[in-house]
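Spelled out from the first residue to the last, the chains are:
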Amino acid sequence: MPLILKAGTTLVAATHNPGKAKELVALLDGRFEILAAGSLGLPEPDETESTFTGNALLKARHAARQSGQIAIADDSGLSVAALEGSPGIFSARWAGPSKDFAAAMNKVEERIIETGSQDRSAWFTSALAVAWPDGPAVVVEGRVDGQLVFPGRGDRGFGYDPIFVPEGYSLTFGEMDPAGKDAISHRARAFEKLKAALF
Ligand code: ITT
């Protein structure tokens, strides 16, 4: 039987990252009833997989099992060409337990300088997974390419947004208004694929 998500369905947004939660709600808004994992008191699982899709599925399945509701999860990150794709799935972990993204962005800059490379190209990836409490699940992936700039600019968005300029634009994601980012982001591109798969 094909998996279908009907409008009005309650979905648990399985994220504990407020910046990401805001973007997921903007993408899903009006279509579904969204419950935040944090407000349900759902614990955060360890991200033990080695791919974005693996970790997105793990988080969605965990939330669906714990809540008994259909859950959506995002696993995402910044990949830097000069660093052979790092920090990638470790993007949140580079910011440490205090989630210090100023330090994480400095680390990205220092590591690139250490390589001696002039290549500043990078990309964001978002894997979005939807899981049903009785087992079935779907996962898709979206990507946006761009260039890194140092120092970072802008205090909108979250995470590594201040150092990322998407291809074809001059503003960083940190400077763009949220709707502008939502129109072209990795998360929005993944969401387009999810719509094609499930709606
Ligand atoms: P959840 O697992 O609870 O959703 P998290 O922050 O731990 O929250 P991830 O493991 O997927 O999420 O880590 C992804 C990190 O990559 C995230 O913390 C951001 O720093 C960064 N990232 C992902 N999408 C981003 C975006 O749109 N803009 C800036 N940084 C982003």
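For the structure itself, look to the data block above.
This write-up is about the structure you can find in this document. Only a predicted model underlies this, so the values are computations on that prediction, with no experimental measurement involved.

**A short note on the sheet that holds strand S1 (residues 10-13)**
Here's step 1: The sheet built from 6 strands is open, its strands ordered S2-S1-S3-S4-S5-S6 with mixed pairing. Because the sheet does not close on itself, it has two edges, and the strands there are strand S2 (33-36) and strand S6 (164-166). Pairs of neighbouring strands in the sheet enclose a mean axial angle of 35°, with direction left out of account.
Here's step 2: Examined bridge by bridge, strand S4 (residues 121-131) and strand S5 (residues 137-148) share 11 bridges and lie antiparallel to one another. The residue of S5 that forms the bridge with Leu128 is Val140.
Here's step 3: The strands touched by helix H5 (residues 186-198) within the sheet are strand S3 (70-80), S4 and S5, with S5 carrying the most contacts at an inclination of about 155°.

**A closer look at the packing of helix H1 (residues 18-28) against H5**
Here's step 1: For the pair H1 and H5, the least separation of the axes is 11 Å and the interaxial angle reads 40°. Judged by the angle between their axes, H1 and H5 are oblique. Crossing handedness for the pair H1 and H5: right-handed. Along the contact surface, H1 presents Lys20, Glu23, Leu24, Leu27 and Leu28, while H5 presents Arg187, Ala188 and Phe191.
Here's step 2: Along the lines of polarity and charge, the residues of the contact of H1 with H5 split into 5 nonpolar, no polar and 3 charged.

Here is what the cut-offs are and how they apply
Residues numbered from 1 in each chain as written. Predicted model: local features only at pLDDT ≥ 70, side-chain atom pairs only at ≥ 80, totals over all residues. Heavy atoms only, no water. Pairing = 2+ DSSP bridges. Helix = DSSP H or I, 4+ residues; strand = E, 2+ residues; numbered from the N terminus. Axes fitted to C-alpha atoms, helices over the stretch in contact; angles between N-to-C directions. Contact = heavy atoms within 4.5 Å. Parallel < 35°, antiparallel > 145°, perpendicular 65-115°, else oblique. Left-handed = near helix turned anticlockwise from the far one by under 90°. Nonpolar A, V, L, I, M, F, W, Y, C, P; charged D, E, K, R; others polar.

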